[in-house]
Amino acid sequence: MNLPDYNFTALTPALILSLWAILILLVDLLFGERIQRWLSWLTVAGLLVTGASALSLWNVRAEGFSGMVVLDNFAIVVTVIAMIAGILAVLLSSDYLVDRDLFRPEYFALMLFSITGILLLASGRNLIMLFLGLELLSIPLYVLTGFARPDVQSEEAAMKYFLLGALASSFLVYGIALTYGATGSTDLLKIRDALQNVQVITSTLTLGGLILILVGFGFKVAAVPFHMWTPDVYQGAPTPITAYMSVGAKAGGFAALLRIMYVAFPQIASYWTGALVLLAIATLVVGNLLAIQQSSLKRLLAYSSIAHAGYILVGLAAGNNRGVAGALFYLLAYAFTNLGAFGIMIALSKKGEEADSIESYAGLSSRQPWLALAMTVFMLSLTGVPLTAGLVGKIFVFSAAAEAGLWTLLIVAVLTSVISAFYYLRLVVLMYMRDPINDFGTQVHLTPGVRTALALAVIGTVLLGIIPGNLIDFTNQTLAITTQTLVALVH
Amino acid sequence: MFDLVVLVILLPLLGVIVNAFFGRRLGERWVSYIGPGAVGLSFLVALILVLSLAGLPVDQRHHETILWTWIPIGNFQVDLGFLLDPLSAVMILIITGVGFLIHIYSVGYMHGDPRFARYFTYLNLFVASMLTLVLGNNFLVLFMGWELVGLCSYLLIGFWFERVSASDAAVKAFVVNRIGDFGFILGVMLIWTTFGTLHFTEVFEAAEKSLQSGAPVAIAITLLLLIGATGKSAQIPLYVWLPDAMAGPTPVSALIHAATMVTAGVYMMARSHVLFELAPFTGQVVAWIGAATALLAASIGVAQYDIKKVLAYSTVSQLGFMVAAAGMGAFGAAMFHLTTHAFFKGLLFLGAGSVIHGVHDEQDMRKMGGLRSSMPTTFWTFVVAALALAGIPPLSGFFSKDEILATASSQNIGIYLLLTIAAFLTAFYIGRQVLMVFFGQARSDVHAHESPRVMTIPLIVLAVFAAIAGFFNLPGVGSFSGWLGEQAGELNLAVAAISTLLALAGLGLAWLLYGRSPVQQDQRDPLAVRLGPVFTLLERKWYVDEIVDLTIARPFKALCSFLAGEMDLGIVDGFVNGVAWLVSLFSRWLRTIQTGFVRSYALAMLLGAVLLIVYVATR
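Residues numbered from 1 in each chain as written. Chains lettered and ligands numbered in written order. Predicted model: local features only at pLDDT ≥ 70, side-chain atom pairs only at ≥ 80, totals over all residues. Heavy atoms only, no water.

Colleague: Mind showing me how you'd approach the overall build of chain B here?
Modeller: Within chain B, the secondary structure is distributed over 26 helices and two strands. The C-alpha atoms of chain B give a radius of gyration of 27 Å, which matches the 25 Å a tight globule of 619 residues would have. Its C-alpha atoms give chain B principal-axis dimensions of roughly 90 × 65 × 60 Å. Pairs at least 24 apart in sequence give 80% of the contacts found in chain B among residues at least 6 apart. For chain B, the accessible area works out to roughly 22900 Å², and carbon and sulfur atoms hold 68% of it. Of the charged side chains in chain B, 33 are positive and 35 negative; the average position of the first set lies 8 Å away from that of the second. (Helix = DSSP H or I, 4+ residues; strand = E, 2+ residues; numbered from the N terminus. Rg over C-alpha atoms; globule rule 2.2 N^0.38 Å. Contact = heavy atoms within 4.5 Å. Areas by Shrake-Rupley, 256 points an atom, 1.4 Å probe, with all protein chains shown as cover. Lys, Arg positive; Asp, Glu negative; His and termini not counted. Charge placed at Lys NZ, Arg CZ, Asp CG, Glu CD.)

Okay, structure coming up:
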């Protein structure tokens, strides 16, 4: 009897992270309130260890559990993005929770479990594994969204998110079932092999499966028309969770989409790139146009996150190497920038007084010059102004689309990014060119956690904009990732 | 040593950092040393570099400095690199030189402003951005400067944001520039996919080698770049932002909206002239747009009362001359006019600022008059600039404008006619302005006073250049075109004679209407009396703003609020509800077990899935 090939190496980061989550629950059990202050730093330490373990496996390309999971450079890049999102969100969380009497240790454990889900999405090479990853990412998020109990908005958001998430999952499962029916496997490589057969390619089962899988992940990344939950859920959830969700859930969803499309369905690339072009156009237009109208900053950032999903979709729709690398870089840039923007919001919020109204940012530059400056950096990066990470990301995905000859998509993408300047810069104008209308921002206490998070976000945003390639070998390697990286077999 | 070109950008940037972070603590005195000082030093470095460049043989006047790889796009790299060659040399001298004078002037003009330090921060940032734009050695660095310049102008136009007009104008400038950027980015992307590089020299070499004249891709690229140029250089149809941009402080108008930023489009076309030469069709379009803009703006300038608005439309009109020249392939002439224009238009704006300063923030020419005696330095320098603009020999504007007219007369008689009429109107409106502001009797009770020396000395320096800059390209004296590697335009005596006579006629007509019997207080404009409704049409700028508002701005706003309001809640919801109703025929229970909103959202998802399946099935 042959024992299955376990090879835990392929699961190292995910294992460390889930064990760390359990550790946090245990530590709380043993020490209780005494260590409350240190819990967030302990969580950050866990994320750092996980990230380091992932990076130490660079170029190792381990495969485990009969090919259910692989740990290749692609998975490691996504892991690092998830770590960045996690670390910044945890640093922003602690004092936010204490201030609102929401501090419960499970919060951090749930967060780590959810991030573990992203890791599984990044390294799963089997549809079942990817489904598990998606659920592990989502279920803790449903709980965390409703964490501001008894706040009605938060509970309603959690309920909505859960119901619609369940629906999306059912689309996904159905898609997996159809694909299995067409190809006889859930293993991505075997699906790929089965699709060498022309009859399988054109079968309704294959195409139906493909589209339903697309819908399932399209929901997670908030692509139009699967986006409608986004503003409501973003607004209701506690702000640090919104911040995490806006980056982490997207990273997981896009990682899985990239892996599935390039590994399992390259034979029918013309079908899914076509569908992705449609989704990208709809997402860009709706996200950007609706963002203009918002008066709540959280809703604005929600629509903006929809819009950015559109830009990442541009990279995916291009269907070439540059598109893959571009989408990854975009996620990296977006992680620093968007968490930074939410971080400013958190820094300015107090219990019962969320810094949500855009109007209230008027004149902030005179009261909080540093916060206003940081917010300006983030807004410029979201707009895609030179010398910020946002521009470099946009150049990557745009050039991928140009290379693929997708001129209609490119025109829409450039036009909407031009439009996006209005709503991002409106905030900058308010902060620098208006007089304050109330006492907003007069009493701000910046805690070490928030300070660290904001400093990291600003540094990341600016450095990735000025020296994206040579900053660290990591980004260079990220950009070297090709469609082949996703498929490369391990021997 | 040419690597020192980095210093030219770094010095103003250093000024930005010092003024931004310590400006308020340093106080007005120190800021007024640091702000202008940074640009002054930058000018010195630029001057030394350009002189050394001129010492080299012609074929070696090309030096690139690469800092680091900025963006590694797969197998090729875009550097953060700078290029010093004759073209960028001209630009950096104008930017730092004229910029330095305007910085000094600003010390006097902005004296006592509560945001003094912030003003110089923006101004230094602007200079650094503009230098990046002209020094970049590839299209992406050019684009970086392009965007940053737009951003700075936005900040500076809205500097006095307490005034509604200022913040509106800032928004307008930004919107219009973004439209131009849209074309520019697409153009750059097309260059990249066509040639596989964005590096100037490589692109132009590849273009000359691989493209036939009139190749569709060359036409597409240049048309897209043209959209960018019309945005920055204020040409039809995107010129509308520039006149409103006068809401900023006057030295800003001089620096940005006359001498430097608006020249970015002309510079970009001159830089990519290889591409434009491969696309004769685009050249035609460019030339006609330039000529039409020159005439349209000049006609509007005739009927304005705001001292700065006249000059603003004059700038648009003069940019039209440059663009027309570029369209006809006379890039040397375009750059030459750009240079002389930077002197005399910068001077006109600074002079106007001095007037506004002297009459205590009045901008309406109907309330001025008789300032000749109370502001002698301003008056004399203003007259020099006005005559240069009108094209009276031997002042600088005569030579540069004439080169353009001579080219047009030999190439395209239609364009020549448009430009000649524009030149006549130019002489008329500037004559009208000089007469209304400086001659006759004071039409208000304000006691005007001459500006302090810190403001008048820059005026005098600029006046000297506005007077003599024409000789830079006079055969036997200077060889501006040769420096740029272009053929010097031949002096066409007939054209020169006609345009000089027309300029004199324009000035004479202005004197007949406004000089012979000066306009009295509360008297109607003599031209308005004669032209009637035509004058109103010109005064209201051909109602272009109103038309744009009605046909573009409003529908767009309506679309957005429609999408946000009705579409989001009503139509999608209603549509989804309608589908829900259909679905409920088959499955009534669906309605009863789910709440309204979640159901709508879920049905939107379902609808999306169905549409995608239909798409895949039918393709």
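More follows now that the structure is in view.
Colleague: Which parts of the structure should I look at to understand the environment of Leu-84 of chain B?
Modeller: Residues and elements named next belong to chain B. Looking at the secondary structure, you find Leu-84 in strand E2 (residues 76-84). Taking C-alpha positions, Leu-84 is 5.1 Å from His-63, a pair spaced 21 residues apart along the chain. In this structure, Leu-84 is in contact with Phe-2, Val-5, Leu-49, Leu-53, Arg-61, His-62, His-63, Ala-89, Ile-92 and Leu-135, ignoring residues within four places of it in sequence.

Colleague: Help me understand the interface of chain B and chain A in this model?
Modeller: One frequently used descriptor of interface size is the decrease in accessible area upon assembly of the parts. The interface is formed by 55 residues belonging to chain B together with 69 residues belonging to chain A. Across the contact surface, chain B and chain A share zero salt bridges. Linking chain B with chain A are five residue pairs in polar contact (both at pLDDT 80 or more). Those elements giving two or more residues to the side of chain B that touches chain A turn out to be strand E1 (63-73), helix H4 (139-157), helix H5 (164-195), helix H24 (544-586) and helix H26 (596-618) of chain B. Broken down by element, the side of chain B that touches chain A gets its largest block of residues, 13 residues, from H26 of chain B. (Salt bridge = Lys/Arg side-chain N within 4 Å of Asp/Glu carboxyl O. Polar contact = N/O pair within 3.5 Å; in protein donor to acceptor, adjacent residues only side chain to side chain.)

Colleague: When you look at helix H6 (residues 152-183) of chain A in this model, what are you seeing that I'm missing?
Modeller: A turn of α-helix holds 3.6 residues, and therefore any two residues three or four places apart point the same way. Helix length check: H6 of chain A, at 32 residues, gives a terminal C-alpha distance of 46 Å against a target of 46 Å (1.5 Å per residue), a fit within 8%. Phi turns positive one or two residues past the end of H6 of chain A, at Gly-184 of chain A, with a value near 80°. (Expected span 1.5 Å × (residues − 1).)

Colleague: Looking at this structure, how should I read the confidence of the model for chain B?
Modeller: When pLDDT drops low, the exact placement of atoms in the prediction is not to be read closely. Residues and elements named next belong to chain B. Taken residue by residue, chain B gives an average pLDDT of 85. The fraction at 70 or more is 91%. In this model, residues 566-573 is a region of pLDDT below 50 whose contacts with residues beyond four sequence positions or in other chains number 20 contacts. Counting interchain partners and residues more than four positions distant, the pLDDT-below-50 stretch residues 586-596 has five contacts. As scored by the predictor, the complex reaches a pTM of 0.87 and an ipTM of 0.86. (pLDDT = per-residue confidence, 0-100.)

Colleague: How do you make sense of the nonpolar core when you look at a structure like this?
Modeller: One recurring pattern in soluble globular proteins: nonpolar side chains tend to sit buried together. If you look at the biggest cluster of nonpolar residues, it comprises 435 residues, and the most contacted ones within it are Met-245, Phe-265 and Tyr-361 of chain A together with Phe-126 and Leu-419 of chain B. Structurally, this core is a two-domain feature, drawing no fewer than three residues from each of domain 1 (2-178 + 334-539) and domain 2 (546-617) of chain B. Excluding residues within four positions of it along the chain, Phe-126 of chain B makes contact with Val-149, Cys-152, Leu-156, Leu-255, Ile-256, Thr-260 and Met-261 of chain B. (Core = buried A, V, L, I, M, F, W, Y, C linked by side-chain atoms within 4.5 Å. Buried < 20%, exposed > 50% of the residue type's maximum accessible area, 1.4 Å probe, protein only. Domains from an automatic or database assignment.)

Colleague: Could you clarify how one ought to interpret the packing of helix H3 (residues 73-99) of chain A against helix H19 (residues 448-466) of chain A in this entry?
Modeller: The description of two helices packed together rests on the angle between their axes and the distance between the axes. Residue and element names in this part refer to chain A. Orientation of H3 relative to H19, taken along the N-to-C sense of each, is 150°, at an axis distance of 7 Å. Between H3 and H19, the crossing angle belongs to the class labelled roughly antiparallel. For the pair H3 and H19, the crossing hand works out as left-handed. Of the residues in H19, those touching H3 at Leu-88, Leu-91 and Leu-92 are Gly-449, Val-450, Thr-452, Ala-453 and Leu-456. The residue makeup of the contact of H3 with H19, split by class, is six nonpolar, two polar and no charged. (Axes fitted to C-alpha atoms, helices over the stretch in contact; angles between N-to-C directions. Parallel < 35°, antiparallel > 145°, perpendicular 65-115°, else oblique. Left-handed = near helix turned anticlockwise from the far one by under 90°. Nonpolar A, V, L, I, M, F, W, Y, C, P; charged D, E, K, R; others polar.)

Colleague: Got a minute to help me understand the pattern of salt bridges in this structure?
Modeller: Two side chains with opposite charge may pair up if their charged atoms get near one another. Residue and element names in this part refer to chain A. In total, this model carries 14 salt bridges over all chains according to the counting rule given. A salt bridge links Glu-156 to Lys-160; the nearest nitrogen and oxygen atoms lie 3.2 Å apart. Highlighted residues: Glu-156 and Lys-160, both in helix H6, separated by four residues, approximately one helical turn. Its relative accessible area of 9% is what places Lys-160 among the buried residues. The salt bridge involving Glu-403 is made with Arg-322; its shortest N-O contact spans 3.1 Å. Within this pair, whereas Glu-403 is found in helix H17 (residues 389-403), its partner Arg-322 is found in helix H14 (residues 321-348), the two being separated by 81 residues in sequence. On the accessibility criterion, Arg-322 (12% relative accessible area) is buried. When salt bridges with common partners are traced through the structure, they connect Glu-156, Lys-160, Asp-232 and Arg-299 into a single cluster.

Colleague: What exactly am I supposed to notice about the packing of aromatic side chains here?
Modeller: Two descriptors summarise a pair of aromatic rings, namely the distance from one centre to the other and the angle between the planes of the rings. According to the stated counting rule, one finds 39 aromatic pairs over all chains in the structure shown. Measuring from centroid to centroid gives 6.2 Å for Tyr-305 of chain B and Phe-535 of chain B, while their planes differ by 50°, and the two rings are tilted. Remark: Phe-535 of chain B occurs in helix H23 (residues 533-539) and Tyr-305 of chain B occurs in the loop between helix H12 (280-301) and helix H13 (307-327); sequence separation between them is 230 residues. One aromatic cluster is present, formed by Tyr-142, Tyr-161, Phe-162, Phe-219, Trp-229 and Tyr-234 of chain A through successive ring pairs. Sitting over the face of the ring of Phe-147 of chain A, Arg-104 of chain A holds its NZ or CZ atom 4.6 Å from the ring centroid. (Phe/Tyr/Trp six-rings, centres within 6.5 Å; stacked < 30°, edge-to-face > 60°. Lys NZ or Arg CZ within 6 Å of the ring centre and 35° of its normal.)

Colleague: Mind showing me how you'd approach unusual backbone geometry here?
Modeller: A cis amide bond links Val-224 of chain A with the next residue in sequence, Pro-225 of chain A, at an omega value of 10°. Among the structural elements, Pro-225 of chain A can be located in the loop between helix H9 (204-220) and helix H10 (229-236). Residues Pro-393 of chain B and Pro-394 of chain B are joined by a peptide bond in cis, for which omega reads 5°. Residue placement: Pro-394 of chain B occurs in the loop between helix H16 (376-390) and helix H17 (396-411). One non-glycine residue, Ala-222 of chain A, lies in positive phi territory at about 65°. Positionally, Ala-222 of chain A belongs in the loop between H9 and H10. A positive phi angle is found at Leu-387 of chain A, which is not glycine, with a value near 75°. The residue Leu-387 of chain A is located in the loop between helix H16 (369-383) and H17 in this model. Overall, the relative accessible area of 32% leaves Leu-387 of chain A in the partly exposed class.

Colleague: Which parts of the structure should I look at to understand the side chain of Ser-400 of chain B?
Modeller: Residue and element names in this part refer to chain B. Mapping Ser-400 onto the fold places it in helix H17. According to the relative accessible area criterion, Ser-400 is buried, its value standing at 0%. Of the polar contacts made by the side chain of Ser-400, one reaches the backbone oxygen of Gly-397; its length is 3.4 Å. Discounting residues that sit within four places of it in the chain, Ser-400 has contacts with Phe-336, His-337 and Thr-340.

Colleague: When you look at a negative patch on the surface in this model, what are you seeing that I'm missing?
Modeller: Residues and elements named next belong to chain B. On the surface, Glu-202, Glu-205, Glu-208 and Glu-277 cluster together into a negatively charged patch. In terms of residue count, helix H6 (residues 200-210) provides more of the negative patch than any other element does, three residues in total. Structurally, Glu-208 is set in helix H6. (Patch = residues over 30% accessible without salt bridge, like charges linked within 9 Å, V, L, I, M, F, W, Y side chains within 5 Å.)

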